[in-house]
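The lines below spell out each chain.
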Amino acid sequence: MNNQTDSKNGTDIAIENGVAGTGANGDGVNETGEEESGGGATGGRAGKRRALRAAAAVCAFLLLSALLLAFAQALVVPKYMSFPYEGGMVREYYGSGYGHSAVFIGDCEFYECVNPLVLWEEYGINSYVRGSSQQLIWHSYYYLLETLRYETPKVVVFNAVEMKIGSVQHEEYTRLTLDGLRLSRYKLEAAKLSLTEGESLLSYVFPILRYHSRWSELNSDDWKYLFRRDPVTFNGYLLMTGVKPRTSEIVRPLTDPSFPDVCWEYLDKIRETCAENGIELLIFKAPTNTWHYPWYDEWDVQLVGYAERYEGVRYVSAITEEDAVGIDWSTDTYDAGDHLNELGAAKVSSWIGRILRDDYGLPDESGDPDLSASWDRTAARYAEELAKKGGPSHAGTDS
Amino acid sequence: MNNAVKTISLILAVLAALCGLASCGGGSGAGDLTLPPENTEVRHQTDAGTQRSGLYCFPAGGKYIAPGDELTDIIPALGNPVSFEQSESCAYVGMDKVYVYNGFTIFTYPDNGIDYVLMIVFTDDSMATAEGVRVGDSISKVTASYGQGFSEDSGIYTYKRGVSALQFSVINDTVRSIQYLCVE
């Protein structure tokens, strides 16, 4: 027992190590620190104990405050377990097991056009799509750097469409792209380059600074997913099963043949990073091309020229290869051609999988029991989700 | 006892601070959106007066339409379009729309629930710019009308005025398309 009595404001509080009680057998000090009994050494020990108690109280207070803030933050940040699912996909990468031979980095053209499950089933290629809504090219660069902390793929496939946009269009998209990233200097660098007026970098470290106003809008998902999330993708692929044919004949004219300088700058950084790490860089344009999200021959020419200038870089466009890909715009899109549905994504994946196998020599890893077991689980979850969503699928079901 | 009271008071103070933090943002105005919009890029003009001066305008329906104009008053003046299409951005952030009229097409973009003119495109030679240039005219007529203050890239001649631009896509010295658009 190590008891002492502290007299403050006329009230005695007796504290022992973890047990409160009235002081007995203890050395007492009054509020001025004068010894009530015992010698000078004892008084010094009592002072130390008081200092320790104060420090412990401060620590406990800080810890409790931090826990409360962490709880409040976990509560108010958007969970993205319903539309828009795009905000929930980024964090899933960290549970993917890594070791992918191909990593796709890009925006919606990738996470709705490339289905890693098809790459696995048809070629045994273990891949992942690190996608996010309107991912900008510097986001992709930092995604790449962050990816290299966890794995070094043989091929990085980069989304050509990101060459179009050289500035942040909406803060919302930045949040969807960066909030799910683990805190690292890469996340902060990407955020720093994306800040819009009035935004603070600190809000990417402490999202509660951004989302505190959701306090009054909390719903059941905020409580249900307070400390966990359900997966919303299949190795980064967001399953869309609707069908809305592309029928529009509207043409949006080219207004700027040049890509922004910042896009070239970060394409160079991506290329150099890949080269330094022995990674092949495949720049890829998905087959989508509409008035809403147009793509032009003038842009193709520039990327073909870029790829020709550098070893280990290649550009392929599924627009110019549309016949080979086999896209049918009456069945393979869910939003009139802006994005692909499951049928279209399967065709693109099958096509690009052949390139990855034949031209890049990516291995068939279907013989790996651990990988196979992991993909079997993904396939089972996929089938379940497909049945839930309904609509046609490449496997031939139409529930 | 006193210390316990103080500790509890401090915890309550932290909770109160959190509540204050939660309430200081007020309503986000986000409606059903999970993410409240806070800082969206604002490209449109809000002062109707500045829209007419210092911008390239397209005369139609008795109005002068400029890129960045609110769409609200424009469509009633122009009448029903021949066709109309809209497309949602991935994730959300509103609908982009296209209004197709005989001779021209208007592309719009949304900002905080309001549609603004992004681009006006002449689709045939039935429409003329305020200075009288049409699809099919020569590049010399363009420069005679608008001067030499253009930039050119891959056959696209661009004249900028304020947040608007007037473009002429030229092939073999002939104007193939004309568009008014917003520039940043």
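Residues numbered from 1 in each chain as written. Chains lettered and ligands numbered in written order. Predicted model: local features only at pLDDT ≥ 70, side-chain atom pairs only at ≥ 80, totals over all residues. Heavy atoms only, no water.

### Thoughts on the overall build of chain A
Turning to step 1, where the next piece is worked out: When helices and strands are tallied, chain A shows 15 helices and seven strands.
Turning to step 2, where the next piece is worked out: For chain A, with 399 residues in total, the buried portion stands at 52%.
Turning to step 3, where the next piece is worked out: Here the contacts in chain A between residues at least 6 apart in sequence split such that 78% fall between residues at least 24 apart.
Turning to step 4, where the next piece is worked out: Carbon and sulfur atoms make up 52% of the accessible area of chain A, which totals about 17300 Å². (Helix = DSSP H or I, 4+ residues; strand = E, 2+ residues; numbered from the N terminus. Buried < 20%, exposed > 50% of the residue type's maximum accessible area, 1.4 Å probe, protein only. Contact = heavy atoms within 4.5 Å. Areas by Shrake-Rupley, 256 points an atom, 1.4 Å probe, with all protein chains shown as cover.)

### A word on the packing of aromatic side chains
Turning to step 1, where the next piece is worked out: All told, the structure shown has 37 aromatic pairs over all chains when counted by the stated rule.
Turning to step 2, where the next piece is worked out: Taking 6.0 Å as the distance between ring centres and 55° as the angle between the ring planes, the aromatic pair formed by W291 of chain A and F107 of chain B counts as tilted. Here the residue W291 of chain A occupies a position in the loop between strand 6 (280-285) and helix 12 (297-309), and F107 of chain B occupies one in strand 5 (residues 104-111), the pair thus bridging two chains. When sorted by exposure, W291 of chain A lands in the same class as F107 of chain B, which is buried. (Phe/Tyr/Trp six-rings, centres within 6.5 Å; stacked < 30°, edge-to-face > 60°.)

### Description of the nonpolar core
Turning to step 1, where the next piece is worked out: Core analysis: the largest hydrophobic core is formed by 82 residues, its most contacted members being F104 and L356 of chain A.
Turning to step 2, where the next piece is worked out: Sorting elements by how many residues they give to this core places helix 5 (residues 137-150) of chain A first, with seven residues.
Turning to step 3, where the next piece is worked out: What L356 of chain A contacts, discounting residues up to four positions off in sequence, is A102, F104, I125, V155, V157, L282, G361 and L362 of chain A.
Turning to step 4, where the next piece is worked out: In terms of nonpolar packing, the next biggest core, distinct from the first, is built from 29 residues, I75, I120, F122 and Y159 of chain B among them. (Core = buried A, V, L, I, M, F, W, Y, C linked by side-chain atoms within 4.5 Å.)

### Structural notes on the pairing of strand 8 (residues 156-161) of chain B
Within a regular strand, side chains alternate between the sheet's two faces.
Residues and elements named next belong to chain B.
Turning to step 1, where the next piece is worked out: Pairing between strand 7 (residues 151-153) and strand 8: three bridges, direction antiparallel. Pairing of S151 across the sheet is with T158, part of strand 8.
Turning to step 2, where the next piece is worked out: Counting the residues between successive antiparallel strands, the hairpin from strand 7 to strand 8 contains two residues, one of them, S154, with a positive phi of roughly 55°.
Turning to step 3, where the next piece is worked out: The sheet contact formed by strand 8 and strand 9 (residues 164-171) spans six bridges and is antiparallel. Looking at strand 9, one finds that I156 is bridged to S169.
Turning to step 4, where the next piece is worked out: The turn joining strand 8 and strand 9, which pair antiparallel and follow one another in sequence, is formed by two residues; a positive phi near 60° is taken by G162. (Pairing = 2+ DSSP bridges.)

### Topic: the sheet that holds strand 4 (residues 95-101) of chain B
All names here are of chain B.
Turning to step 1, where the next piece is worked out: Spatially, the eight strands line up as an open sheet ordered 3-4-5-6-10-9-8-7, and their pairing is antiparallel. Because the sheet does not close on itself, it has two edges, and the strands there are strand 3 (83-88) and strand 7. Strand-to-strand twist in this sheet, taken as the mean axis angle between neighbours without regard to direction, amounts to 20°.
Turning to step 2, where the next piece is worked out: For strand 3 and strand 4, the ladder comprises six bridges, and the chain directions are antiparallel. Bridge pairing links F84 to Y99 in strand 4. (Axes fitted to C-alpha atoms, helices over the stretch in contact; angles between N-to-C directions.)

### Focus on helix 5 of chain A
Residues and elements named next belong to chain A.
Turning to step 1, where the next piece is worked out: Compared with an ideal rise of 1.5 Å per residue, which puts 14 residues at 20 Å, helix 5 spans 20 Å between its outermost C-alpha atoms and is within 8% of the ideal.
Turning to step 2, where the next piece is worked out: With eleven of 14 residues buried, helix 5 is to be regarded as a mostly interior element.
Turning to step 3, where the next piece is worked out: Buried within helix 5 we find I137, W138, H139, S140, Y141, Y142, Y143, L144, L145, E146 and T147. (Expected span 1.5 Å × (residues − 1).)

### Quick notes on the confidence of the model for chain B
Residue and element names in this part refer to chain B.
Turning to step 1, where the next piece is worked out: Within chain B, residue pLDDT values average 76, and 68% of them lie at 70 or more.
Turning to step 2, where the next piece is worked out: Put simply, helix 2 (residues 48-52) is where chain B has its lowest mean pLDDT, 37, and helix 4 (residues 139-146) is where it has its highest, 95.
Turning to step 3, where the next piece is worked out: This stretch, residues 18-51, has a pLDDT under 50; its non-local contacts, to residues over four places away or in other chains, come to 74 contacts. (pLDDT = per-residue confidence, 0-100.)

### Some words on the side chain of D107 of chain A
Residue and element names in this part refer to chain A.
Turning to step 1, where the next piece is worked out: Relative to the assigned elements, D107 resides in the loop between strand 3 (102-106) and helix 3 (108-111).
Turning to step 2, where the next piece is worked out: For the buried D107, no salt bridge exists, and the shortest N-O distance to an oppositely charged side chain is 7.9 Å, to K164.
Turning to step 3, where the next piece is worked out: Apart from the residues within four sequence positions on either side, D107 is in contact with S132, Q134, Q135, N159, V161 and E162. (Lys, Arg positive; Asp, Glu negative; His and termini not counted. Salt bridge = Lys/Arg side-chain N within 4 Å of Asp/Glu carboxyl O.)

### Thoughts on the packing of helix 11 (residues 261-276) of chain A against helix 12 of chain A
Residue and element names in this part refer to chain A.
Turning to step 1, where the next piece is worked out: For the pair helix 11 and helix 12, the least separation of the axes is 13 Å and the interaxial angle reads 35°. In this structure, helix 11 meets helix 12 at a crossing whose hand is right-handed. Contacts between helix 11 and helix 12 involve W264, L267, D268 and R271 from the former and Q302, L303 and Y306 from the latter.
Turning to step 2, where the next piece is worked out: Residues belonging to the contact of helix 11 with helix 12 are distributed by class as follows: four nonpolar, one polar and two charged. (Left-handed = near helix turned anticlockwise from the far one by under 90°. Nonpolar A, V, L, I, M, F, W, Y, C, P; charged D, E, K, R; others polar.)

### With respect to the side chain of E199 of chain A
All names here are of chain A.
Turning to step 1, where the next piece is worked out: Within the secondary structure, E199 sits in the loop between helix 7 (185-192) and helix 8 (202-205).
Turning to step 2, where the next piece is worked out: You can call E199 buried: its relative accessible area is 10%.
Turning to step 3, where the next piece is worked out: One polar contact links E199 to T196, side chain to side chain, over a distance of 2.8 Å. (Polar contact = N/O pair within 3.5 Å; in protein donor to acceptor, adjacent residues only side chain to side chain.)

### A few points about the sheet that holds strand 7 (residues 313-317) of chain A
Residue and element names in this part refer to chain A.
Turning to step 1, where the next piece is worked out: Spatial strand order, 4-3-5-6-7: five strands in an open sheet with parallel pairing. Of all strands in the sheet, those with a lone pairing partner are strand 4 (127-131) and strand 7, marking the two edges. Each strand of the sheet is rotated relative to its neighbour by a mean of 20°, with strand direction disregarded.
Turning to step 2, where the next piece is worked out: The pairing of strand 3 with strand 5 (residues 155-159) spans four bridges and is classified as parallel. Paired with V103 across the bridge in strand 5 is V156.
Turning to step 3, where the next piece is worked out: In the packing of helix 14 (residues 342-358) onto the sheet, the strands contacted are strand 3, strand 5, strand 6 and strand 7, and the crossing angle to strand 6 comes to about 155°.

### Some details on unusual backbone geometry
With the exception of glycine, most residues fall at negative phi, and the peptide bonds are largely trans.
Residues and elements named next belong to chain A.
Turning to step 1, where the next piece is worked out: With omega at 0°, the peptide bond leading from F83 into P84 counts as cis.
Turning to step 2, where the next piece is worked out: You can see P84 is positioned in the loop between helix 1 (40-76) and helix 2 (86-89).
Turning to step 3, where the next piece is worked out: Phi is positive for A336, close to 65°, though the residue is something other than glycine.
Turning to step 4, where the next piece is worked out: By secondary structure assignment, the location of A336 is in the loop between helix 13 (322-325) and helix 14.

### Some remarks on the environment of S184 of chain A
Turning to step 1, where the next piece is worked out: Following the sequence through the fold, S184 of chain A ends up in the loop between helix 6 (171-178) and helix 7.
Turning to step 2, where the next piece is worked out: The exposure class of S184 of chain A is buried, given its relative accessible area of 8%.

### A short note on the pattern of salt bridges
Residue and element names in this part refer to chain A.
Turning to step 1, where the next piece is worked out: If you walk through the whole model with that rule in mind, you get 18 salt bridges over all chains.
Turning to step 2, where the next piece is worked out: A salt bridge links E171 to R175, with the shortest nitrogen-to-oxygen separation between them at 2.9 Å. Taken as a pair, E171 and R175 lie in helix 6 at a separation of four residues, close to a single helical turn. With respect to class, E171 is no different from R175; both count as buried.

### Some words on helix 12 of chain A
Residue and element names in this part refer to chain A.
Turning to step 1, where the next piece is worked out: Given a rise of 1.5 Å per residue, 13 residues ought to cover 18 Å, and the 19 Å separating the end C-alpha atoms of helix 12 matches this to within 8%.
Turning to step 2, where the next piece is worked out: Buried within helix 12 are the following residues: W299, D300, L303, Y306 and A307. Buried positions in helix 12, seen along its axis, are confined to an arc of 125° and lie on one side of it. For helix 12, the exposed residues set more than 90 degrees away from the buried face come down to D297, V301, E308 and R309. (Arc of directions from axis to C-beta.)

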